[in-house]
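Read off the chains here:
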Amino acid sequence: MFVPNISALYELEDVRGYESMTLRAFVATYPLWATTQGPWFNRIDDLTKPFLSFLNVGYAIVPPGYPPPPGWTLLSRDKGADLLQNTRSLPRAFAPAAVKLELDEASRLKQLGAISDFGQRGVVEPGSGVAPGAWRPNGKARVVIASYEAQSMVLDIHAQGETIVGTSIPAWPGWKAKLDGVAVAPLSYNNAFLGFRVPQG
């Protein structure tokens, strides 16, 4: 229900964004979760889209009396709007149960469109260390966000084996990753987002 940039007045993060420049790989994911309106901002018409949960969308402001779709609950009601909560929202960083390598963007987007639970499956690009072919089990890991600020995020990770950690942070050039203080190369996750590999431990 917000028009562009109104969310800033309430100190809220609006997944639709509204900037003069947008990451091209992120734009390619729009059909998975939003309705585009040309040069205007995106519209969210279907809250059941699984990609919204991957994007860490935890709440939606909807018209009064709007029936909560599956996976959403009514959190608050006011005369002007209802507030719904997404019970399936994923944290900004997590370890999916399985990963799959897709060589090109068209294949990645097609695969992403077929995923119903992004906590279970994620898609990576060449250079991730994942062998091509079927879905590969990812190492099990507990990922806890220790701090999260505008330009940085610190994670505590306990990995039972080598693991790919995915995030819903758009992979703009310039992001850097460190593992125990040592620089590591980030990898592309779900076509437009940051991921990285961690060893056991």
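Look up a bit, the structure's there.
So, here's what we can say about the structure. (Residues numbered from 1 in each chain as written. Predicted model: local features only at pLDDT ≥ 70, side-chain atom pairs only at ≥ 80, totals over all residues. Heavy atoms only, no water.)

1. Side note on the overall build of the protein
Now for step 1: Regarding its fold elements, the protein presents four helices and 14 strands.
Now for step 2: Relative to its length of 201 residues, the protein is compact, with a C-alpha radius of gyration of 17 Å against a globular reference of 17 Å.
Now for step 3: Across its three principal directions, the C-alpha atoms of the protein cover 50 × 35 × 35 Å.
Now for step 4: Within the protein, counting contacts between residues at least 6 apart in sequence, those at least 24 apart form 54% of the total.
Now for step 5: Side-chain charges of the protein comprise 18 positive and 17 negative groups, with the mean position of each set lying 5 Å from the other. (Helix = DSSP H or I, 4+ residues; strand = E, 2+ residues; numbered from the N terminus. Rg over C-alpha atoms; globule rule 2.2 N^0.38 Å. Contact = heavy atoms within 4.5 Å. Lys, Arg positive; Asp, Glu negative; His and termini not counted. Charge placed at Lys NZ, Arg CZ, Asp CG, Glu CD.)

2. Here we look at the pairing of strand β5 (residues 98-101)
Now for step 1: Covered by surrounding structure in β5 are A98 and K100 together with V99 and L101, the residues of both alternating faces.
Now for step 2: Inspection of the sheet shows β5 paired to strand β6 (residues 121-124) by four bridges, in the parallel sense. Each residue of the ladder has a partner; that of V99, found in β6, is G122.
Now for step 3: Regarding the hand of the β-α-β motif, the stretch spanning β5, helix α4 (residues 105-114) and β6 is right-handed.
Now for step 4: The pairing of β5 with strand β7 (residues 136-137) spans two bridges and is antiparallel. Within the sheet, the bridge partner assigned to A98 lies in β7 and is P137. (Buried < 20%, exposed > 50% of the residue type's maximum accessible area, 1.4 Å probe, protein only. Pairing = 2+ DSSP bridges. Right-handed = clockwise from strand over helix to strand, strands pointing away.)

3. Examining α4
Now for step 1: Residues of α4 that are buried: R108, Q111 and L112. Each buried residue of α4 lies within a common arc of 100° when the element is viewed along its axis, so the set occupies one face. Opposite the buried face of α4, at more than 90 degrees from it, the exposed residues are A106, K110, G113 and A114.
Now for step 2: Packing partners of the buried residues in α4 comprise α3 (50-54), β5 and β6.
Now for step 3: Near the N-terminus of α4, the side chain that reaches the backbone nitrogen of A106, with its oxygen 3.2 Å away, is that of D104. (Arc of directions from axis to C-beta. Polar contact = N/O pair within 3.5 Å; in protein donor to acceptor, adjacent residues only side chain to side chain.)

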